[in-house]
Amino acid sequence: PGEVVHHNGVTCIGYSDLPSRLPTQSSRLYSNNVTKLLLSMAPKGKKELLLDFNDEVTRGALLTHDGKLWWPAPVPQRAPPPARAEKKKEPVDLLSPAERANVNALAETKRYANSLTIGAVSTLGMALVTKDPAFTQLLMTFSLSTVAGYYAVWGVVPALHSPLMAVTNAISGLTAVGGLVMMKGGVVPSSTADVMAASAVLVSTVNIAGGFLVTRRMLDMFRRAGDPDDHTKLFAIPAGAFAAVYAVGMATGNPALHSAAYLFPSLACIGAIAGLSSQSTARYGNALGVMGVGTGILATLGSLSVDGGTAIQILGTMGVGGAAGAAIASRIAVTELPQTVAAFHSLVGAAAMLTCGSAYLNEMAHYATLPNAGMHAATTFLGTVIGGVTLTGSMVAFGKLHGIMGSRPLALKNRDLINQVMAGSTAASFAVFMLTPGSSLGMASLAAGAGLSTALGAHVTASIGGADMPVAVTVLNSYSGWALCAEGFMLGNELLTTVGALIGSSGAILSWIMCKAMNRSITNVLFGGYGEAIKAVDAGPKEQGIHKETSVDEVSEALMTASKVIIVPGYGLAVAKAQYAIADIVKTLAKKGVDVKFAIHPVAGRMPGQLNVLLAEAGVPYDVVYEMDEINEEFPSTDLVLVIGANDTINSAAQEDPTSPIAGMPVIEVWKAKHVVIMKRTMGAGYADVDNPVFFKENTDMLLGDAKHSCDMLHARVIEHDL
């Protein structure tokens with residue numbers, strides 16, 4: 001006892017208190033075995049025992065039953081091991097490494113050349129078919145903006161993905177521009193089309209004010225003590241200069257003024273996304289977004305010719321919407337940010353539908369005389385349908401994230417067939433609408449498309465499980481951009497086309513990033529889910545093993561004696577609001593010289609970057625928060641890993657079990673550390689409903705219970721150790 005002996009490469013530690021450790025360990029093992037035995041005999045959901053005599057454990061433990069002796073149990077009959085499949089011989093590569101590299105380079109270049117050929121032919125082909133210079137100009141604007149959005153979003157660091165979605169959502173509030181163009185009727189709207197236009201402006205301004213304020217709140221959380229003021233109020237100078245020059249141009253009657261006025265807002269909105277490339281420039285990005293939207297609306301108002309009554313209606317509607325958005329954004333809790341963003345997405349969808357409906361009602365009587373009636377009709381229908389999917393899909397996402405609806409996916413019988421029927425019916429409505437524009441049948445077709453798209457959006461999103469919500473929210477963010485883009489084509493508005501393509505492409509890339517982080521395809525997320533994958537690869541029950549439980553005292557001692565600690569937070573941390581206690585623990589450990597870092601999975605939480613925002617709010621410096629790819633290599637040299645409320649993102653089955661539903665998914669490799677402590681409420685599986693072998697590994701201890709209570713107790717114990 002009290003000695004460390006090295007024998008044949010094995011280090012043997014002689015505990016001086018070994019006798020006192022044995023009773024606790026043996027009692028824990030025995031109680032765990034008894035509990036597992038009883039649970040195996042209790043069917044889930046029933047309050048009675050069921051003896052399964054075919055179960056080896058139950059039969060082996062059975063002595064008597066109904067007055068008869070059942071001992072000893074018969075020797076279990078083991079099935080012969082399956083024959084090993086012969087390994088397929090890998091084909092021999094007859095090329096040298098240099099020749100193979102040249103072949104691969106040639107194939108890659110051919111792929112790029114083919115893509116460029118398709119793009120070149122397509123752009124010129126559409127111009128030849130439409131023969132409309134205005135459409136060609138918008139198409140060029142759309143293409144360039146899509147490319148700009150594609151490259152801008154790649155520069156955004158993962159920690160700022162939540163602010164990115166918030167700021168793009170606020171910018172998509174430019175749906176107000178379409179409503180402003182349609183507004184008329186005096187102080188009070190006088191027709192259905194006028195009411196729809198005013199409603200579009202109202203919900204859009206709610207989105208604008210609320211979205212930018214939410215973004216500002218998020219970014220302020222990343223501020224560190226000693227950071228200089230960003231002085232973004234100075235951005236009022238270029239905004240004021242724009243307004244002054246624009247006023248002078250209006251006074252001179254320059255015909256090119258209004259079209260040119262949309263260039264500056266477009267560039268500012270592109271700069272808003274680019275500004276989120278780092279924490280140091282992120283607040284500039286938000287200010288650029290505010291300036292871009294503000295100057296865009298100003299340019300729109302300047303181009304209108306409205307009477308005094310309609311001007312009062314416009315100002316009143318925008319004032320009420322802006323005040324409502326600011327009030328909502330200032331009162332929400334940080335843990336409610338994901339569902340708030342989803343709710344704001346629904347406003348964009350509603351505004352797009354209302355604007356398209358208002359435009360159609362206004363143009364319905366003279367559709368045949370429109371010079372670009374085909375494009376106008378097609379984009380009107382597309383804007384309505386995309387807006388409908390965005391509206392109800394975002395509402396369902398809000399319900400799931402807010403707890404109003406269950407997180408499990410809706411699994412209706414023949415759900416794929418239901419989606420196909422609704423999509424096919426929507427396509428049929430589109431065909432009828434294009435053949436009968438400006439008629440009552442065309443109006444009925446548009447209404448049918450609106451109804452079908454809202455039903456489709458609700459059903460598809462309801463069929464997505466809680467674990468896939470980060471991807472669902474980013475997809476809806478992309479949809480809001482495409483809805484805005486369709487509105488821009490409908491109205492021939494370059495600002496809406498630019499910003500819509502920018503948001504749509506950036507949201508699509510962000511969705512791809514999330515899918516890659518889960519090793520999933522976008523179609524599997526939207527139309528499949530973990531449940532489908534489980535059925536496809538189920539290899540039978542897995543042996544779970546025996547988990548070891550620990551206590552707050554033991555964990556606090558491990559924290560205080562460790563040299564290097566990595567904390568892995570999950571959505572459970574957000575639900576328990578335990579970030580404050582953890583931040584205080586980190587401060588205490590840092591004072592003692594402990595190297596403490598955080599590891600964040602790209603899809604942790606219910607919105608990309610949500611946990612980064614939570615930690616920033618609690619005062620955790622962002623320079624100790626690392627992404628999965630940045631920190632995975634450090635776990636073998638880590639003394640202690642503390643996992644709080646994370647499950648699927650640390651599941652070793654992704655790497656160790658090829659039959660697992662999450663096989664191949666990139667995960668945080670916590671099990672490679674010397675000691676792992678996992679804090680969970682119960683031993684239940686996560687949202688993916690997949691067993692986690694990490695719980696039963698030799699170097700893992702489970703600290704079960706409410707995360708908030710456990711973290712508070714852990715904080716208190718750490719302070720006591722420090723005194």
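These numbers come from a predicted model, not from an experiment.

## Considerations on the overall build of the chain
Part 1 of the argument: On a plain count of helices and strands, the chain comes out with 27 helices and 10 strands.
Part 2 of the argument: Taking all 723 residues of the chain together, 47% fall into the buried category.
Part 3 of the argument: Partitioning the intrachain contacts of the chain with sequence separation of at least 6 by distance along the chain shows that 79% fall at a separation of at least 24.
Part 4 of the argument: Between the mean site of the 48 positive side-chain charges and the mean site of the 54 negative ones, the chain shows a separation of 3 Å.

## Topic: the side chain of Thr-310
Part 1 of the argument: Position of Thr-310 relative to the elements: it lies in helix H12 (residues 308-331).
Part 2 of the argument: At 3.1 Å, the side chain of Thr-310 and the backbone nitrogen of Gly-186 are in polar contact.
Part 3 of the argument: Non-local contacts of Thr-310, meaning those with residues more than four positions away in its chain, are made with Met-183, Lys-184, Gly-185, Gly-186 and Val-187.

## Observations regarding the state of the cysteines
Part 1 of the argument: Overall, the coordinates contain zero disulfides when judged by the stated rule.
Part 2 of the argument: Lacking any disulfide linkage, Cys-356 is separated from the closest cysteine sulfur, that of Cys-485, by 12 Å.
Part 3 of the argument: Taking relative accessible area as the criterion, Cys-356 reaches 0% and is therefore assigned buried.

## Let's talk about the packing of aromatic side chains
Part 1 of the argument: Counted according to the given criterion, the structure contains 12 aromatic pairs.
Part 2 of the argument: Taking 6.1 Å as the distance between ring centres and 10° as the angle between the ring planes, the aromatic pair formed by Phe-235 and Tyr-284 counts as stacked. Residue Phe-235 is located in the loop between helix H7 (192-221) and helix H8 (236-252), and its partner Tyr-284 is located in helix H11 (residues 279-303); the two are separated by 49 residues in the primary sequence.
Part 3 of the argument: Taking 5.2 Å as the distance between ring centres and 55° as the angle between the ring planes, the aromatic pair formed by Phe-381 and Phe-430 counts as tilted. Pair noted here: Phe-381 is in helix H14 (residues 373-402) and Phe-430 is in helix H15 (residues 415-435), with a separation of 49 residues, a long-range link.
Part 4 of the argument: You can call Phe-430 partly exposed: its relative accessible area is 28%.
Part 5 of the argument: Counting every residue linked through ring pairs, the aromatic cluster contains Tyr-150, Tyr-151, Trp-154 and Trp-512.
Part 6 of the argument: The aromatic ring of Tyr-112 is capped on one face by Arg-111, whose charged end is 4.9 Å from the ring centroid.
Part 7 of the argument: Positioned above the aromatic ring of Tyr-626, the side-chain terminus of Lys-597 is 5.1 Å from the ring centre.

## A closer look at the side chain of Asn-207
Part 1 of the argument: By the element assignment, Asn-207 lies in helix H7.
Part 2 of the argument: Its relative accessible area of 0% is what places Asn-207 among the buried residues.
Part 3 of the argument: With residues near it in sequence (within four places) discarded, Asn-207 still touches Asn-169, Ala-170, Ser-172, Gly-173, Phe-344, Leu-347 and Val-348.

## Observations concerning unusual backbone geometry
Part 1 of the argument: Residues Trp-71 and Pro-72 are joined by a peptide bond in cis, for which omega reads 0°.
Part 2 of the argument: On the secondary structure map, Pro-72 appears in the loop between strand E4 (68-69) and helix H3 (97-130).
Part 3 of the argument: At Asp-66, a residue that is not glycine, the phi angle is positive and equals roughly 55°.
Part 4 of the argument: For Asp-66, the position within the fold is in the loop between strand E3 (64-65) and E4.
Part 5 of the argument: The exposed category is assigned to Asp-66, whose relative accessible area is 66%.

## Focus: a nonpolar patch on the surface
Part 1 of the argument: On the surface, a cluster of nonpolar side chains totalling about 480 Å² of accessible area is made up of Val-4, Ile-13, Tyr-15, Leu-18 and Leu-22.
Part 2 of the argument: The residue Leu-18 is located in helix H1 (residues 18-40) in this model.
Part 3 of the argument: Residue class for Leu-18 comes out partly exposed when judged on its relative accessible area of 40%.

## Some points on the pattern of salt bridges
Part 1 of the argument: Counted by the stated rule, this structure contains 14 salt bridges.
Part 2 of the argument: For Asp-230, the salt bridge goes to Arg-216, with nearest N and O atoms at 3.5 Å. One end of the pair, Asp-230, is in the loop between H7 and H8; the other, Arg-216, is in helix H7, with 14 residues separating them in the sequence.
Part 3 of the argument: Judged by its relative accessible area of 26%, Arg-216 is partly exposed.

## A short note on the packing of H7 against H12
Part 1 of the argument: Close contact between H7 and H12 brings their axes to 7 Å; oriented N to C, the two are set at 35°. Seen from above, H7 lies across H12 with right-handed handedness.
Part 2 of the argument: Per-class residue counts for the contact of H7 with H12 are 13 nonpolar, eight polar and two charged.

## Examining the sheet that holds strand E5 (residues 564-569)
The strands that make up a sheet are held in pairs by hydrogen bonds between backbone atoms, and each pair lies either parallel or antiparallel.
Part 1 of the argument: With parallel pairing, six strands are arranged side by side in an open sheet as E7-E6-E5-E8-E9-E10. The sheet terminates laterally at strand E7 (625-627) and strand E10 (700-704), the two strands that pair on one side only. If you compare each strand with its neighbour and ignore which way they point, the axes differ by 25° on average.
Part 2 of the argument: Set on the sheet, helix H23 (residues 579-591) makes contact with E5, strand E6 (595-600) and strand E8 (640-644); between it and E6 the angle comes to about 145°.
Part 3 of the argument: Sheet strands in contact with helix H24 (residues 610-617) are E5, E6 and E7, and its direction is about 145° off that of E6.

The rules behind these values
- All residue numbers here refer to positions counted from 1 along the written sequence of the relevant chain.
- Where local features are concerned, this predicted model is filtered to residues with pLDDT of at least 70; where side-chain atom pairs are given and counted, the filter is 80 or more; whole-chain, interface and lining totals use all residues.
- The side-chain numbers reported here are obtained from all heavy atoms of the structure, hydrogens and water having been left aside.
- For the purposes of this entry, the term helix denotes a DSSP run of H or I that reaches at least four residues, the term strand denotes a run of E that reaches at least two, and both are numbered from the N terminus.
- Think of it in three bands: residues with accessible area under 20% of the maximum for their type are buried, residues over 50% are exposed, and the middle band is partly exposed, with areas taken using a 1.4 Å probe on protein chains only.
- Whether two residues are in contact is decided by their heavy atoms: any pair within 4.5 Å suffices.
- The charged-residue count follows a simple rule in which Lys and Arg add positive charge and Asp and Glu add negative charge, with His and chain termini not counted at all.
- For this purpose, a charge sits on NZ of Lys, CZ of Arg, CG of Asp or CD of Glu.
- For this analysis, a polar contact is any N or O atom pair within 3.5 Å, provided that within protein one partner can donate a hydrogen and the other can accept it, and provided that sequence-adjacent residues contribute only side-chain to side-chain pairs.
- Pairs of cysteine sulfur atoms within 2.5 Å are what we label disulfides.
- Centres within 6.5 Å make a pair out of two Phe, Tyr or Trp rings, where for Trp the six-membered ring is used; the pair is then stacked when the planes are under 30 degrees apart, edge-to-face when over 60, and tilted otherwise.
- Charge-over-ring placement is defined geometrically: NZ (Lys) or CZ (Arg) within 6 Å of the ring centre, and within 35 degrees of the ring normal.
- Only residues whose relative accessible area exceeds 30% and that form no salt bridge enter a patch; like-charged residues are grouped when within 9 Å of one another, and nonpolar side chains (Val, Leu, Ile, Met, Phe, Trp, Tyr) when within 5 Å.
- All accessible areas in this document rest on Shrake-Rupley with a 1.4 Å probe, and a residue is counted as covered only by the protein chains that are shown.
- Within this document, salt bridges are pairs made up of a side-chain nitrogen of Lys or Arg and a carboxyl oxygen of Asp or Glu, the two lying within 4 Å of each other.
- What counts as an axis is a line fitted to C-alpha atoms, over the stretch in contact for a helix, and the angles between N-to-C directions run from 0 to 180 degrees.
- A clockwise turn of the near helix away from the far one marks a right-handed crossing, whereas an anticlockwise turn of less than a right angle marks a left-handed crossing.
- For this classification, Asp, Glu, Lys and Arg are treated as charged, while Ala, Val, Leu, Ile, Met, Phe, Trp, Tyr, Cys and Pro are nonpolar and the rest, including Gly, are polar.
- Any two strands between which DSSP finds at least two bridges are classified as paired.

Any functional reading would require information that these geometric values do not contain.
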